[in-house]
Every structure is written in C-alpha cells, then in structure tokens.
Amino acid sequence: MDLTPYRMGPDDPDLPDILSLIQTAFAYMDGRIDPPSSMYQLTLATLSNQAETAEIWAIGRPPKACAFLTPKADSLYLGKLAVAPESRGQGLARRLVGLAEERARALRLPRIELQTRIELTENHTAFAAMRFQEIGRTTHTGYDRPTSITFSKAV
C-alpha cells in the first residue's frame, strides 16, 4: 500500500469509501460515548463540502486512513482522524498528524487542535504520546458535564 497521503477533491470517487471508513473506524464508540458521534451526521454531501471548503486527506486506495483539516483563526483543526481497524498499528494516524503539522506550518498557523470524547481514554493516551496537551473541556448542548477534551500541539 502506498502510504503517501493524498488530498481529496469535492468530486473524488473515493468519498463514499471515506464515509464507510469513518463509520467502520468509529463503530467501537457506539454505546461508549454520550452523545453519539457526529459521524452519524456525515453524508456524501457534507464530505464533498468539507473537501471543497477545507481539506480531506487519505492514505491508501481504497482509503485505509483519513483526516479532515480545517483552518481556524489561530489553529488548524484536525477532525475525523480515522484508521481502518485492520490497518491500525502501522503508523497511519501518526503520518496524518505529521501531515497536519506540515499543513499548519504552510498555512502559517501556530498549532493544530483536535477534540476527543471524555470516555475514549485510549485516544487521550495516543494523543499525549504524539505530544498533544489538553487545553480545555467542552460540554455538548443539553449536558451538565464535559463531554469532550480539546488537545493542542504547537507546530
């Protein structure tokens, strides 16, 4: 498998595979996180819009890993970082985080940020190992407790 990340366009024929990849990679969260994952709101139209207005990057054909990169005022937001279950442990997530660092520098943004759910402690450990630091906690509408942790990494 070619491990070179590639940027997807809004009409990319692999967009249906990205949707399937995210759904498969995030399936383990069902019953673990509350509220449910925002992946349930993704459609081919929202993926096409993400690719047009921001960035979707993938590794492999069909995609085995992906990430959404969205420039913000003072950071590059890394979202929907997903690796196919059968491709985990091969450094694909690290490769996409490295790409996010490169893109942030190219866009002259000082850091990358991401969020993960409170319940997904294995994600906290993985992001800490990649030198992310917790910078805050957020609460989804209608909840009386924090539901997500925001992590940041200077580039």
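Residues numbered from 1 in each chain as written. Predicted model: local features only at pLDDT ≥ 70, side-chain atom pairs only at ≥ 80, totals over all residues. Heavy atoms only, no water.

J.: For this particular structure, what's the right way to read the side chain of Ser75?
T.: Note that Ser75 resides in the loop between strand S3 (65–71) and strand S4 (76–83). With residues near it in sequence (within four places) discarded, Ser75 still touches Thr70, Leu109, Arg111 and Glu113. (Helix = DSSP H or I, 4+ residues; strand = E, 2+ residues; numbered from the N terminus. Contact = heavy atoms within 4.5 Å.)

J.: Would you mind showing me how to read the pattern of salt bridges here?
T.: Between side chains of opposite charge, a pair can form as their charged atoms come close. Inspection of the entire model under this criterion finds 10 salt bridges. For the salt bridge of Glu55 with Arg7, the shortest nitrogen-to-oxygen distance reads 3.7 Å. You can see Glu55 sitting in strand S2 (residues 55–59) and its partner Arg7 sitting in strand S1 (residues 6–7), a full 48 residues away along the chain. Exposure remark for Glu55: the relative accessible area of 4% places this residue in the buried category. (Salt bridge = Lys/Arg side-chain N within 4 Å of Asp/Glu carboxyl O. Buried < 20%, exposed > 50% of the residue type's maximum accessible area, 1.4 Å probe, protein only.)

J.: Explain the packing of helix H1 (residues 15–25) against helix H2 (residues 44–53) here, please?
T.: Two numbers describe a pair of packed helices, the interaxial angle and the distance between the axes. Viewed as axis vectors pointing N to C, H1 and H2 meet at an angle of 110°, and their least axial separation amounts to 10 Å. The angle between the axes of H1 and H2 places the two elements in the roughly perpendicular class. Contact with H1, carried on its side by Leu15, Pro16, Ile18 and Leu19, involves Leu44, Leu47 and Ser48 of H2 and no other residues of that element. In the contact of H1 with H2, the residues fall into 6 nonpolar, 1 polar and no charged. (Axes fitted to C-alpha atoms, helices over the stretch in contact; angles between N-to-C directions. Parallel < 35°, antiparallel > 145°, perpendicular 65-115°, else oblique. Nonpolar A, V, L, I, M, F, W, Y, C, P; charged D, E, K, R; others polar.)

J.: Even after reading the chapter, I still don't get the sheet that holds S2, so can you show me in this structure?
T.: A sheet is described by the order of its strands in space; here 7 strands give the open sequence S1-S2-S3-S4-S5-S7-S6, paired in mixed fashion. Looking along the sheet, the strands with just one partner apiece sit at the ends: S1 and strand S6 (133–138). Strand direction decides the pairing type here: S2 and S3, joined by 5 bridges, are antiparallel. Across the sheet, Glu55 pairs through a bridge with Leu69, a residue of S3. Lying over the sheet, helix H3 (residues 92–106) contacts S1, S2, S3, S4, strand S5 (111–117) and strand S7 (148–154), oriented at roughly 160° with respect to S4. (Pairing = 2+ DSSP bridges.)

Keep in mind these numbers describe shape, not what the thing actually does.
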